[in-house]
Amino acid sequence: MKKISWVTHPQYDIPLPKNHKFTSSKFSDLYNELHRIGLSKHADIFVPEKASVKDLTLVHDQQYIEKIKNGTLENHEERRLGLKWSPELANRSFLAVNGTFLTTIKAIEKGVACHIAGGTHHSHYNFGSGYCVFNDLAYSSIHLINKGFVNKILIFDCDVHQGDGTASILNSHTNIFTCSIHCKNNFPARKSISNLDVELGDNLNSEQYLVILNETLNNCMKQFEPDLVIYDAGVDIHKNDELGKLDVDDQGLLLRDETVLSFFKELSIPIATVIGGGYSKDNMELAKRHSTVFKAAKNIFL
Ligand SMILES: [Zn+2]
């Protein structure tokens, strides 16, 4: 039986105070949900190793990496990150960047692969922000090109927030194209400049969203011909998301993911997916939303 490659690690969850906006158990919740709905029988599962400090210096300031490793962030740096440092947070941050990298390798081998984490797009060169410690999208892209796996990469970011860290880290890399479709009136207040930014108004519904999505996919391909796509399938575009301001429903979310996956499948361009953001007090509801891209991958590729 043909299977889809998934990447995950049992040490992705982090300890956080109750009522924190970020769901500390979202990675294991999602893994359990995928199992519960029977999707894991269609998956081959791979586990990453930790990235080294040296590897991370490709995209981050060494001093910043050491602060994460050793737990020596200043208070204002921790506030900007939005997460309290813990040994578990440090450990997961070094694992998850390589998780996305491993997912891209599997995507190149098989056409598609899905990371049960990733999409930490607010992480900048020398600081973390918006719950994002290290930038897995920038890290994986530069790593892949340096190691000669591919020449040109498209980062297609559909999280409701702009991929500001990714855009700024990759600013001078002409062989990596950053595209961000995001809500204009949302975090971060100060946006970076991606290769293609598509700003959405508040309360956009599924139908309107899908029209813009299709236009944007075609626009990207007019400007750039990637050998690999990294797709940030953030579910904070959902109408019930606590931080999103759009009005996309369950069906719209599934159609978005299926549209993106089938678009690149038709072009025979491999695609690696990351889960991106998603916010709900209801852990099960959140896991269900994040399971959408895995469902879409099965529908399109199996
Ligand atoms: Zn987001």
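Above: the structure in question.
The rules we used
Residues numbered from 1 in each chain as written. Predicted model: local features only at pLDDT ≥ 70, side-chain atom pairs only at ≥ 80, totals over all residues. Heavy atoms only, no water. Donors = N, O, S within 2.8 Å, 3.2 Å for Na, K, Ca; no water. Tetrahedral: all angles 85-135°; square planar, octahedral: opposite > 155°, others 65-115°. Helix = DSSP H or I, 4+ residues; strand = E, 2+ residues; numbered from the N terminus. Core = buried A, V, L, I, M, F, W, Y, C linked by side-chain atoms within 4.5 Å. Buried < 20%, exposed > 50% of the residue type's maximum accessible area, 1.4 Å probe, protein only. Contact = heavy atoms within 4.5 Å. Polar contact = N/O pair within 3.5 Å; in protein donor to acceptor, adjacent residues only side chain to side chain. Pairing = 2+ DSSP bridges. Axes fitted to C-alpha atoms, helices over the stretch in contact; angles between N-to-C directions.

**Student:** Account for the coordination of the zinc ion, naming residues and giving values.
**Tutor:** Every protein donor of the zinc ion is accounted for by D159 (OD), D159 (OD), H161 (ND1) and D236 (OD), and the metal-donor separations fall at 1.9 to 2.8 Å. Taken together, the four donor atoms coordinating the zinc ion span angles of 52 to 154° at the metal, a pattern that classifies the geometry as irregular. Site description for the zinc ion: donor spacing in sequence, D-x1-H-x74-D. Of this pair, D159 sits in the loop between strand 4 (153–157) and helix 7 (164–169) while D236 sits in the loop between strand 7 (228–232) and helix 9 (250–266), and the two are 77 residues apart along the sequence.

**Student:** Any chance you could break down the nonpolar core for me, citing the residues and the numbers?
**Tutor:** F156, Y209, F264 and F294 are the most contacted members of the largest nonpolar core, which has 97 residues in total. The biggest single contributor to this core is helix 5 (residues 87–110), with nine residues. Setting aside residues up to four positions removed in sequence, F156 forms contacts with C179, I181, L213, T216, L217, C220, V229, I230, Y231, D232 and V260.

**Student:** Give a detailed account of the side chain of H122, specifying residues and quantitative values.
**Tutor:** Within the secondary structure layout, H122 lies in the loop between strand 3 (112–115) and helix 6 (136–146). Within the structure, the side chain of H122 is placed 2.8 Å from the side chain of D164, a separation counted as a polar contact. Beyond its immediate sequence surroundings of up to four residues, H122 is in contact with S129, G130, C132, H161, Q162, D164, G165, F187 and P188.

**Student:** I'd like a description of unusual backbone geometry, backed by residues and values.
**Tutor:** Cis geometry is adopted by the peptide bond preceding P188, which originates at F187 and carries an omega value of -5°. Note that P188 resides in the loop between strand 5 (176–183) and strand 6 (196–200). You will see that Y131, though not glycine, has its phi angle at about 70°, which is positive. Among the structural elements, Y131 can be located in the loop between strand 3 and helix 6. For Y131, a relative accessible area of 19% corresponds to the buried category. Positive phi outside glycine occurs at N203, with the angle close to 65°. With respect to the helices and strands, N203 occurs in the loop between strand 6 and helix 8 (206–223). Judged by relative accessible area, which is 57%, N203 ranks as exposed.

**Student:** Any chance you could break down the sheet that holds strand 4 for me, citing the residues and the numbers?
**Tutor:** Taken in spatial order, the eight strands of this open sheet run 2-1-3-8-7-4-5-6, and their pairing is parallel. Each edge of the sheet is formed by a strand with only one pairing partner; in this case those strands are strand 2 (43–46) and strand 6. Each adjacent strand pair in this sheet contributes to an overall mean axis angle of 15°, direction not counted. Contacts from helix 5 reach strand 1 (4–7), strand 2, strand 3, strand 7 and strand 8 (271–274), with the element oriented near 165° to strand 3.

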